[in-house]
Amino acid sequence: MESFSNVKIWVLLIFMAFVQLGQGFYLPGSYPHKYGIGDYLNMKVNSLTSIDTEIPFSYYSLPFCQPKEGIKDSAENLGELLMGDRIENSPYRFKMYTNESDNFLCQTKPLSADEFKLLKKRIDEMYQVNVILDNLPAIRYTKKDGFMLRWTGYPVGVKVQDAYYVFNHLKFMVLVHKYEDNVARVMGTGDAAEVIPTIGNAGSNVPGYMVVGFEVVPCSFQHNADLLKNLNMYDKYPNPINCDPGMVAMAIKENEPLAFTYEVTFVESDIKWPSRWDAYLKMEGSKVHWFSILNSLMVITFLAGIVLVIFLRTVRRDLTRYEELDKEAQAQMNEELSGWKLVVGDVFRAPTNPSLLCVMVGDGVQILGMAVVTILFAALGFMSPASRGTLITGMLFFYMILGIAAGYVAVRLWRTILGGANKGWFSVAWRVACFFPVVCAEVSLVLTYMHLCVEDWRWWWKSFFASGSVAIYIFLYSVNYLIFDLKSLSGPVSATLYLGYSLFMVLAIMLATGTVGFLSSFWFVHYLFSSVKLD
């Protein structure tokens, strides 16, 4: 009783600790930043992206305005780098809750032949400019067939007939929500503000706002060259600028400069800070087709259930019939046996290339575990869309940590195949570390049982590739998608990049699904032949 009481005390203490942590702990990228009226908001720029080429380029690779203090890279995690993100500062700046219009940014030097050619190429390749404010990407709304569509970023420009036009005037709208004083006192550290619970009434009377939305409307406007001569950055353009997204006027020409201006409007919104990412999750490419997913799951579950019931009844009938015989009857029956019972002495004989099989199973455990743990952490909110690159970084971290499990499974399987011998285990463990830097189980079980019934004891590799062969279908589908759906993908570099990523994905899927099938078959064979008695 005393030990049980101690356990209850420890549980209570741990629970209280978590409650205290919950008062000041926020998931990465999920805490608010308070801005006072008149505080500067610095907009950042990300890589130029395109659905046409899939290759990102730096924002300043094009002749855009640069900040006075020079170009500075923001701190990026490994996931952002692998995804091609390159976040840099920009000359655009706003003041909280201060509307500004007709702000002059800069006039570039006359476009050289190379700059003119590059700008036209980026417009032809449908490159988008991605800008960020308070960790929120800018949203652009367009209307198509009576529906309002959401997009992130805005096009570099547009081609009309034979002329190229650049979007050189940006109309920003920042949605803000009044800061709730009972949330926290904020200490700013760049984009990621550090949140500390408010003590007493400190700062409670200071008005402030949180950014809950960021929208942009790009326009092409022809400025008067004479009015630009004496303007400095952030000066007001003398004439009012009419931003009409349906009209284009600023044509790009060789040996002529480009002028950039912007305006910003602040609108108080009812959107709460925790809901500010809802607009991004409702985009066309972010929709989850729940009906198709549920329909597929129901069909697969129904068919898999039928096959599993038939399979289990067949196996149980064989086992029950064999176990009911006495020793003399078994000995007499052994002479007349057929099917899987005849390979009882060979079924655990070592396969060909056992070390390679152990390595592939170990890596499959590593990849499968990485996927499960990553999905679990994402579902719990530790990998929110506000934290760019966290998903990829988390996957790499979990993959590295689960190398321990991969090594254990591979060495354990190696010793099982060799009957407990330790010879060669170090080589297997080393190769697991270097090799790669569900229905699956049922298919493998059924095919393994069919091979055993025809007295084929070589089930090891077949059970792995029976379920792992689904990767072939996925690769063929990716090739089909490249040929018939990605027609706009231009250049051999983009196609090679797409196929390279597809091959990595297919190999990972083969290892993961093959491991599921092999381990299921291994358990099934062990269970099946454990009931067979040997003389």
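Treat the numbers as computed from the prediction; the structure is a model and nothing was measured. (Residues numbered from 1 in each chain as written. Predicted model: local features only at pLDDT ≥ 70, side-chain atom pairs only at ≥ 80, totals over all residues. Heavy atoms only, no water.)

Let us look at the UniProt feature "transmembrane region" (unreviewed entry) in the protein. Following the UniProt record, one finds the feature "transmembrane region" (unreviewed entry) at residues 290-312, 356-383, 389-411, 432-452, 464-484 and 496-529. The straight-line gap between the two end C-alpha atoms of residues 496-529 is 48 Å; of that span, 100% is helix and 0% is strand. (UniProt positions renumbered as here; feature names shortened; annotations may be inferred. Helix = DSSP H or I, 4+ residues; strand = E, 2+ residues; numbered from the N terminus.)

As a further point, take empty space enclosed by the protein. Any empty space left between atoms is shown by rolling a water-sized probe over those atoms. In this structure, the largest cavity occupies an estimated 50 Å³ of space. Tyr59, Phe64, Cys65, Tyr92, Leu105, Tyr154, Phe167, Leu170 and Phe260 together form the lining of the largest cavity. Along the lines of polarity and charge, the residues of the lining of the largest cavity split into nine nonpolar, no polar and no charged. (1 Å grid on protein atoms, 1.4 Å probe; cavity = no way out; pocket = protein on both sides within 12 Å on 5 of 7 lines; lining within 4 Å. Points joined across faces, edges and corners; volume = space filled by probe spheres on them. Nonpolar A, V, L, I, M, F, W, Y, C, P; charged D, E, K, R; others polar.)

A few words now on the nonpolar core. Counting 48 residues, the largest nonpolar core has Phe94, Val131, Phe172, Val174, Phe214 and Ile252 as the members making the most contacts within it. The residues touching Val131, leaving out its near neighbours within four places in the chain, are Met43, Lys44, Val45, Leu136, Pro137, Ala138, Tyr154, Phe172 and Phe214. Core analysis: the second largest hydrophobic core is formed by 40 residues, Tyr399, Leu452, Trp461 and Phe524 among them. (Core = buried A, V, L, I, M, F, W, Y, C linked by side-chain atoms within 4.5 Å. Buried < 20%, exposed > 50% of the residue type's maximum accessible area, 1.4 Å probe, protein only. Contact = heavy atoms within 4.5 Å.)

The next point concerns unusual backbone geometry. Its identity is not glycine, yet Gln161 carries a phi of approximately 60 degrees, on the positive side. Positionally, Gln161 belongs in the loop between β10 (157-160) and β11 (163-166). Its identity as a non-glycine residue notwithstanding, Asn255 has a phi of 70 degrees, on the positive side. Note on placement: Asn255 falls in the loop between β15 (209-219) and β16 (259-268). When its relative accessible area of 57% is taken as the criterion, Asn255 is described as exposed.

Strand order in the open sheet formed by four strands is β2-β1-β5-β6, with antiparallel pairing between adjacent strands. The open sheet has two edge strands with one neighbour each: β2 (88-95) and β6 (136-137). Relative to β6, strand β5 (residues 131-133) runs antiparallel, the two being bridged by two bridges. Residue pairing for β6: Leu133 is matched across the bridge by Leu136. (Pairing = 2+ DSSP bridges.)

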